[in-house]
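# Working through the structure, step by step
Take a look at the letters that make up each chain.
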Amino acid sequence: MSGTFMSTLDKLMASNELRSANDLSTDEDFWAKVREGYRLKPDYINLENGYYCIMPQEIMDRHIQRRERSTSRDHGICETTV
């Protein structure tokens, strides 16, 4: 998948908007493209999505970057005000 995963996913969904959910549910190529955005073991099938909340790698990377920036910013404030 080229570009960001989310923009690619938007295009993938738009190109399949006229297909039925039943048709898409059995389309292995469609789901292989969706899976490309996730960092998963190739032999692992996640059937439990409520506890682990696996997210696309692009979203995970952004979340980690924001947490790092927030932690760095908060740490700097603590050092200057103590």
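Residues numbered from 1 in each chain as written. Predicted model: local features only at pLDDT ≥ 70, side-chain atom pairs only at ≥ 80, totals over all residues. Heavy atoms only, no water.

### Some details on the packing of helix α1 (residues 5-15) against helix α3 (residues 28-35)
What counts, and what does not: All axes are obtained by fitting lines to C-alpha atoms, using only the stretch in contact for helices, and the reported angles, taken between N-to-C directions, cover 0 to 180 degrees. Under the DSSP-based scheme used, a helix requires at least four consecutive residues in state H or I and a strand at least two consecutive residues in state E, with every element numbered from the N terminus. Should an angle lie under 35 degrees it is considered roughly parallel, over 145 roughly antiparallel, and from 65 to 115 roughly perpendicular; all remaining angles are considered oblique. For a crossing to be left-handed, the near helix must be turned anticlockwise from the far one by less than a right angle; the clockwise case is right-handed. Contact criterion: two residues are considered in contact whenever any of their non-hydrogen atoms come within 4.5 Å of each other. Lys, Arg, Asp and Glu make up the charged group, whereas Ala, Val, Leu, Ile, Met, Phe, Trp, Tyr, Cys and Pro make up the nonpolar group; the residues left over, Gly among them, are polar.
Viewed as axis vectors pointing N to C, α1 and α3 meet at an angle of 160°, and their least axial separation amounts to 10 Å. When the interaxial angle is binned, α1 and α3 end up roughly antiparallel. By crossing handedness, the relation of α1 to α3 is classed as left-handed. Seen from α1, the contacting residues are Phe 5, Leu 9, Leu 12 and Met 13; seen from α3, they are Phe 30, Lys 33 and Val 34. The class makeup of the residues in the contact of α1 with α3 is six nonpolar, no polar and one charged.

### A closer look at α1
Basically, it comes down to this: Whether a residue is buried, partly exposed or exposed follows from its accessible area with a 1.4 Å probe, protein chains only, as a fraction of its type maximum: under 20%, in between, or over 50%, in that order. The arc in question is traced by the directions running from the helix axis to the C-beta atoms.
Buried residues of α1: Phe 5, Thr 8, Leu 9 and Leu 12, and no others. All buried residues of α1 project into a common sector of 100° when viewed along the axis, lining one side. Exposed and facing more than 90 degrees away from the buried side of α1 are Asp 10 and Lys 11.

### Quick look at the packing of aromatic side chains
The condition that has to hold: Two aromatic rings from Phe, Tyr or Trp, using only the six-membered ring of Trp, form a pair when their centres are within 6.5 Å; if the ring planes differ by under 30 degrees the pair is stacked, by over 60 it is edge-to-face, and anything between is tilted.
Applying the stated criterion across every chain yields a total of two aromatic pairs. Relative to Tyr 38, the ring of Phe 5 has its centre 5.8 Å away and its plane inclined at 75°; by these criteria the two rings are edge-to-face. With Phe 5 in helix α1 and Tyr 38 in the loop between α3 and α4 (57-81), the pair connects residues that are 33 residues apart, well separated along the chain. Accessibility expressed as a relative area gives 8% for Phe 5, which makes it buried. Here Tyr 38 falls in the partly exposed class, since its relative accessible area comes to 26%. With a centroid separation of 4.9 Å and 90° between ring planes, the pair formed by Phe 30 and Trp 31 is classed as edge-to-face.

### Focus on the side chain of Glu 58
Locating Glu 58 in the fold gives a position in helix α4. Among all residues touching Glu 58, those that are not within four sequence positions of it are Thr 4, Phe 5, Met 6 and Gly 37.

### Points about the environment of Leu 40
One can find Leu 40 in the loop between α3 and α4. Leu 40 sits in the partly exposed class, given a relative accessible area of 29%. Note: C-alpha distance between Leu 40 and Gln 57 (17 residues apart in sequence) is 9.3 Å. Residues in contact with Leu 40, not counting those within four places in the same chain, are Arg 35 and Ile 54.

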